[in-house]
Amino acid sequence: MTVPLRARAYTRVVSSGRLIKRVLVGRAMRSDHLGETLLPKKLALPVFASDALSSVAYAPDEILLTLGLAGGALAMTHSWPVALGVVAVMAVVVASYRQNVHAYPSGGGDYEVASTNLGRKAGLTVASALLVDYVLTVAVSISSGVQNAAAALPWIRGHEVFAALVLIAALTGINLRGVRESGKAFAIPTYLFMLSVIAMGLVGVVRRTTGTLPQAESGPLQLAPEPGMEQLGTLAMAFLLLRAFSSGCAALTGVEAISNGVPAFRKPKSTNAATTLLLMGGIAITMLVSMIALASWTGVKVAEDPATQLLRDGQPVGEEYVQHTVMAQVAQSVFDGFPAGVVIVSIVTGLILVLAANTAFNGFPVLGSILARDGYLPRQLHTRGDRLAFSNGILLLAAAAGLLIVIYDAQVTKLIQLYIVGVFVSFTLSQIGMVRHWNRHLALEKDRREQRAMMRRRAINAVGAAMSGTVLVVVVLTKFTHGAGFAMAAMAGLFVLMGAISRHYRHVRDELSVAEGDTQHQLLPSRVHAIVLVSTIHRPTLRALAYASATRPSRLEAVTVDVDHDATRALQAEWDRRAIPVPLKALDSPYREITRPVVEYVKSIRSGNPRDLVVVYIPQYVLGHWWEQALHNQSALRLRSRLIFTPGVMVSSVPWQLASSAGAEERMDGPVAGDVRRGGS
């Protein structure tokens, strides 16, 4: 009864896989080189701020789309107040998070703040919200990037899902190469996007001042209200404005990423993170205001259903009308007569929206590793890969975001409804936690000057908590039935799952722990019954018998399963002829099974004494070629998988290397997955 080990075949696969991995990911890095992956501010800005900066490409669309439900007049007159409300919230949130990065620089971010100051359940609530939000960040950013790129590359239309999945795969590969490499790859497109949008704003202001700014392609059209929204009462109007405000707050997603990524900054980490956060906030506000202004000046109109809502001379434009994004329409107007400018804006906008997903590719794996360290997620997420990135977290994020894109057909309008609620849950609980943090420290601080500084910080966080909480309520009320409810259900599911994982790890730890003075599990077995499984007499069988005898068990016997009476009689005769000094027992198997008779026999010989032990020795030979595996049965492998669940039973494999496996040991030397563990920061 022998089972082959797949040595050479496995080695060949591993060697090929390692070569492909080296090409795609790069050479493995030592754990003590972790400091070389830390980021200066000029690289940290594109790595961590691309999500918040890129929101200027879709936040104006969401504001105008929502206001457009009541017709074009409302969108033209109320987009400014809504945008200013979003700007005010962003300014407060940025100021609040600058306190966070100084107080909690370890990288736990909102999760650490909530857990430390509000308790375990609050921490898990924040963690579940952030994990869902990171997945949505990738799905929304990639989908929006594909839609913007389609304005310059028409061949993408109709293939958005495929293009989005390809982009996710590319981002995954880049991030598997490490944080520093991803920062270098993303720096140029991010800075090009900032420069192009700011330049577009400046040119737009000049052309507006000189009266040469033309209308957008949708400017001459009329935007009809949706049926039933022609005449809105005061309450309905207020609700619509709040819904537009909540949609515009998509611009705030990604603000928290820097507080979660402080360990990735060069020293002084907190100072550099706070400076980067301030730069990000200032640039994002400037670009958002300029986009809303340009959209208003050029008369941009966007509709949920452009074929019926947009009218030309009182008639719907029809299905043949292609509605471009706000960014694309503004670029066409501002750079009228300069097509290269339109192409540049379209390309860099598509790139930044794709790269915005990189914020999540940095935040999700780090948060996952912290949760895994604390026992709330599988421990594999705490393992660093060859390039010192949290590879398992990167792959998990890519798979989850890809699944969402397929389900929602890469449509931003559908995905955006799931968005925002998670990030404002974390904003609110984090800022409440910071208020409690300052209260606790104020009670211990004696220096009056430091007390005044703490009180100022507490006031900032209190305002941040109040504003974030208000926005959260608005988002839940206005978007629950439009998709936010699904996101909240996902958060609740993750909360329950993480609690279950934590309980499992606690139970395993309790079962495996050794109490002080407990010597019971260090005692030698009082009686060992050794069994050698035999199918025929050959070298692996004789080696297994010799190995079993060398352990000096209390009782040793050989066991075979009688599936063929003639073969069993021949085996017994050969056994007696060779005078092998170990009794051979044949187990009946009327249905020609092997696993069941052996398992039942092993169970029957176990005694009630917990110190008695049954050891089953399985001879096995090592083969080197993949095609050899099909020529040998796997019965002993199945048997071993059954026996390991039997209490009081141990299974020992006794290998015999055949000639075809020669050299496998040298070929298999080298690092394998999991060799590089998470190092310190």
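Only a predicted model underlies this, so the values are computations on that prediction, with no experimental measurement involved.

Attention now moves to the overall build of the protein. Per the secondary structure count, the protein includes 24 helices and nine strands. Relative to its full complement of 681 residues, the protein shows a buried share of 54%. At a minimum sequence separation of 6, the contacts of the protein that also span at least 24 residues come to 83%. Carbon and sulfur atoms form 61% of the exposed surface of the protein, whose accessible area is close to 30,900 Å².

Inspection of every chain in the model, using the stated rule, returns four aromatic pairs. Taking 5.4 Å as the distance between ring centres and 65 degrees as the angle between the ring planes, the aromatic pair formed by Y97 and F427 counts as edge-to-face. Highlighted residues: Y97 in helix α4 (residues 72–103) and F427 in helix α17 (residues 421–444), separated in sequence by 330 residues. Here Y97 falls in the buried class, since its relative accessible area comes to 1%. Here F427 falls in the buried class, since its relative accessible area comes to 0%. Between F424 and F427 the ring centres are 5.1 Å apart and the planes differ by 80 degrees, which places this aromatic pair in the edge-to-face class. Residue F424 and its partner F427 are both found in helix α17; the two are separated by three residues, about one turn of the helix. The same class applies to F424 as to F427, namely buried. Ring pairs connect the aromatic residues Y97, F424 and F427, which therefore count as one cluster.

Turning next to the side chain of R243. Secondary-structure assignment places R243 in helix α9 (residues 234–248). Those residues within four positions of R243 in sequence are excluded, and the remaining contacts are T66, L69, T478 and H482.

Glancing now at the pairing of strand β5 (residues 527–533). With six of seven residues buried, β5 lies mostly within the body of the structure. Judged from the five bridges that link them, β5 and strand β6 (residues 555–562) form a sheet pairing that is parallel. Bridged to H529 within β6 is R555. Chirality of the crossover, the property in question, places the unit of β5, helix α20 (residues 539–550) and β6 among those that are right-handed.

The subject of this paragraph is the environment of T66. Inspection of the secondary structure assignment puts T66 in helix α3 (residues 59–67). Counting along the chain gives 182 residues from T66 to G248, while the straight-line C-alpha distance between them is 9.4 Å. The contact partners of T66, leaving out residues within four places of it in the chain, are L240, R243, A244 and S247. Polar side-chain contacts of T66 include one of 2.8 Å to the backbone oxygen of E62.

This paragraph deals with the nonpolar core. Grouped together as the largest cluster of nonpolar side chains are 139 residues, with contacts concentrated most on I142, M200, M280 and F424. Beyond its immediate sequence surroundings of up to four residues, M200 is in contact with M291, L294, M327, V330, A331, V334, F335 and V345. Ranked by size, the runner-up nonpolar core spans 19 residues in total, among them A548, V582, L613 and Y617.

Turning our attention to the sheet that holds strand β3 (residues 310–312). The strand order across the open sheet built from three strands is β2-β3-β4, with neighbouring strands paired in antiparallel fashion. Sheet topology places β2 (222–223) and β4 (315–316) at the edges, where each strand pairs with a single neighbour. Note: β3 against β4, two bridges, orientation antiparallel. Residue pairing across strands places R312 opposite Q315, the latter belonging to β4.

So, about the packing of α17 against helix α18 (residues 448–479). Two elements in contact, α17 and α18, have axes whose closest approach is 8 Å; the angle formed by their N-to-C orientations is 155 degrees. In terms of orientation, α17 and α18 fall into the roughly antiparallel class. Handedness of the crossing formed by α17 with α18: left-handed. Among the residues making up the contact of α17 with α18, the classes are represented as 17 nonpolar, nine polar and two charged.

Moving on to the packing of helix α2 (residues 41–54) against helix α11 (residues 269–298). Each pair of packed helices can be described by the angle between their axes along with the distance between the axes. Running from N to C, α2 and α11 point in directions that differ by 45 degrees, and their axes come no closer than 9 Å. Between α2 and α11, the interaxial angle falls into the category oblique. The crossing of α2 and α11 is right-handed. Of the residues in α11, those touching α2 at K41, A44, L45, A49, A52 and L53 are N272, T275, T276, M280, I283, A284 and M287. Of the residues contributing to the contact of α2 with α11, the split by class is nine nonpolar, three polar and one charged.

Turning to the pattern of salt bridges, a few remarks are in order. Side chains that differ in charge, positive against negative, can pair when their charged atoms come close. Evaluation of the coordinates by the stated rule reveals eight salt bridges. Between R555 and E557 there is a salt bridge, with the nearest N and O atoms lying 3.8 Å from each other. Assessed through its relative accessible area of 41%, R555 is described here as partly exposed. Overall, E557 belongs to the buried group, its relative accessible area being 2%. A salt bridge links R577 to E574, with the shortest nitrogen-to-oxygen separation between them at 2.9 Å.

Within the secondary structure, N100 sits in helix α4. Those residues in contact with N100, other than ones at most four positions away along the chain, are D110, V113, S430, Q431, M434 and N461.

What follows covers α2. In a regular helix each residue adds 1.5 Å, so 14 residues correspond to 20 Å; α2 covers 18 Å between its end C-alpha atoms and thus fits that length. The largest bend in α2 is about 55 degrees, located at F48. Burial runs high along α2: twelve of the 14 residues are buried. Buried residues of α2: L43, A44, L45, P46, V47, F48, A49, S50, D51, A52, L53 and S54, and no others.

Per-residue confidence for the protein averages 81 on the pLDDT scale, and 83% of its residues sit at or above 70. Confidence scores differ between elements of the protein, with helix α1 (residues 7–25) showing the lowest mean pLDDT of 46 and β6 the highest of 94. Taken together, the stretch residues 670–681 has pLDDT below 50 and engages in 25 contacts with residues farther than four places along the chain or on a different chain.

We now examine the pairing of strand β7 (residues 584–588). Where β6 lies against β7, five bridges are found, and the strand directions are parallel. Paired with V561 across the two strands is L587, which belongs to β7. Regarding the hand of the β-α-β motif, the stretch spanning β6, helix α21 (residues 565–578) and β7 is right-handed.

Reading the values: the criteria
Residues numbered from 1 in each chain as written. Predicted model: local features only at pLDDT ≥ 70, side-chain atom pairs only at ≥ 80, totals over all residues. Heavy atoms only, no water. Helix = DSSP H or I, 4+ residues; strand = E, 2+ residues; numbered from the N terminus. Buried < 20%, exposed > 50% of the residue type's maximum accessible area, 1.4 Å probe, protein only. Contact = heavy atoms within 4.5 Å. Areas by Shrake-Rupley, 256 points an atom, 1.4 Å probe, with all protein chains shown as cover. Phe/Tyr/Trp six-rings, centres within 6.5 Å; stacked < 30°, edge-to-face > 60°. Pairing = 2+ DSSP bridges. Right-handed = clockwise from strand over helix to strand, strands pointing away. Polar contact = N/O pair within 3.5 Å; in protein donor to acceptor, adjacent residues only side chain to side chain. Core = buried A, V, L, I, M, F, W, Y, C linked by side-chain atoms within 4.5 Å. Axes fitted to C-alpha atoms, helices over the stretch in contact; angles between N-to-C directions. Parallel < 35°, antiparallel > 145°, perpendicular 65-115°, else oblique. Left-handed = near helix turned anticlockwise from the far one by under 90°. Nonpolar A, V, L, I, M, F, W, Y, C, P; charged D, E, K, R; others polar. Salt bridge = Lys/Arg side-chain N within 4 Å of Asp/Glu carboxyl O. Expected span 1.5 Å × (residues − 1). Bend = angle between axes of the 7 residues up to and from the residue. pLDDT = per-residue confidence, 0-100.

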